[in-house]
Amino acid sequence: MSARVAHDGERNDRSRGVEIINFMPSECDTLGVFAERHTGDEIKATFFGEKKNHTMTLPKDQAEALGSVHKASVIVGRLHKAQLEKTRLERQLDVARSQMARTFREKE
């Protein structure tokens, strides 16, 4: 189950009988994990509205695509974190090399 999003006009929009909701990644990551674990299965999703609920079944190919997109987003997130860590470590190495170069060494 994802988080409930109250109607505020920013994260959701109601027009022509359709409501579109924008979720934050942390609010719907369980759906991606579920889709990834149930690859090849149809997924039934229920959307709870203020006045009524709507249930729909995602075909197998759409459910599989949802799982694949979630898996890709996790990989991209890990890549981004790894790139930041690499940059941090490279800077730390540069500082250490600079300190070593400036350190006085006695000759024997």
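Now for a look at the structure at hand. (Residues numbered from 1 in each chain as written. Predicted model: local features only at pLDDT ≥ 70, side-chain atom pairs only at ≥ 80, totals over all residues. Heavy atoms only, no water.)

**Some points on the pattern of salt bridges**
Spelled out, the test is: Here a salt bridge means any side-chain nitrogen of Lys or Arg lying within 4 Å of a carboxyl oxygen belonging to Asp or Glu. Secondary structure elements are taken from DSSP: a helix is a run of H or I of four residues or more, a strand is a run of E of two residues or more, and numbering for both begins at the N terminus.
Under the criterion given, the structure shown has two salt bridges. Put simply, Arg88 and Glu85 hold a salt bridge, and the shortest N to O gap is 2.7 Å. With Arg88 and Glu85 both in helix α2 (residues 60-102) and three residues apart, this pair spans about one turn of that helix.

**Description of α2**
Here is the rule we go by: By this rule the span expected of a helix is its residue count minus one, scaled by 1.5 Å. Burial classification: accessible surface area is computed with a 1.4 Å probe over protein chains only, and a residue below 20% of its type maximum counts as buried, one above 50% as exposed, and the rest as partly exposed. Contacts between residues were defined by any pair of non-hydrogen atoms, one from each residue, lying within 4.5 Å.
If you check α2, its first and last C-alpha atoms are 63 Å apart, about what 43 residues at 1.5 Å a residue would give, namely 63 Å. Among all positions in α2, only Ala63, Gly67 and His70 are buried. Along its buried surface, α2 packs onto α1 (25-37), β3 (43-48) and β4 (53-58).

**Comments concerning the pairing of strand β2 (residues 18-21)**
Under the convention used in this document: Note: two strands are recorded as paired if DSSP finds a minimum of 2 bridges between them.
Where strand β1 (residues 12-15) meets β2, four bridges bridge the pair, whose relative direction is antiparallel. Bridging across to β2, Arg14 finds its partner in Glu19. Linking two consecutive strands that pair antiparallel, namely β1 and β2, is a turn of two residues; a positive phi of about 50 degrees is found at Arg16 within it.

**Looking at the environment of Thr55**
The condition is simple: Under this definition, polar contacts are N or O atom pairs within 3.5 Å; protein pairs additionally need one hydrogen-donor-capable and one acceptor-capable atom, and for neighbouring residues in sequence, both atoms have to be side-chain atoms.
Its location among the elements puts Thr55 in strand β4. The class of Thr55 is partly exposed, set by a relative accessible area of 42%. When the C-alpha positions of Thr55 and Lys44 are compared, they lie 6.9 Å apart, and in sequence the two are 11 residues distant. In terms of polar contacts, Thr55 uses its side chain to reach the side chain of Thr46, at 3.1 Å.

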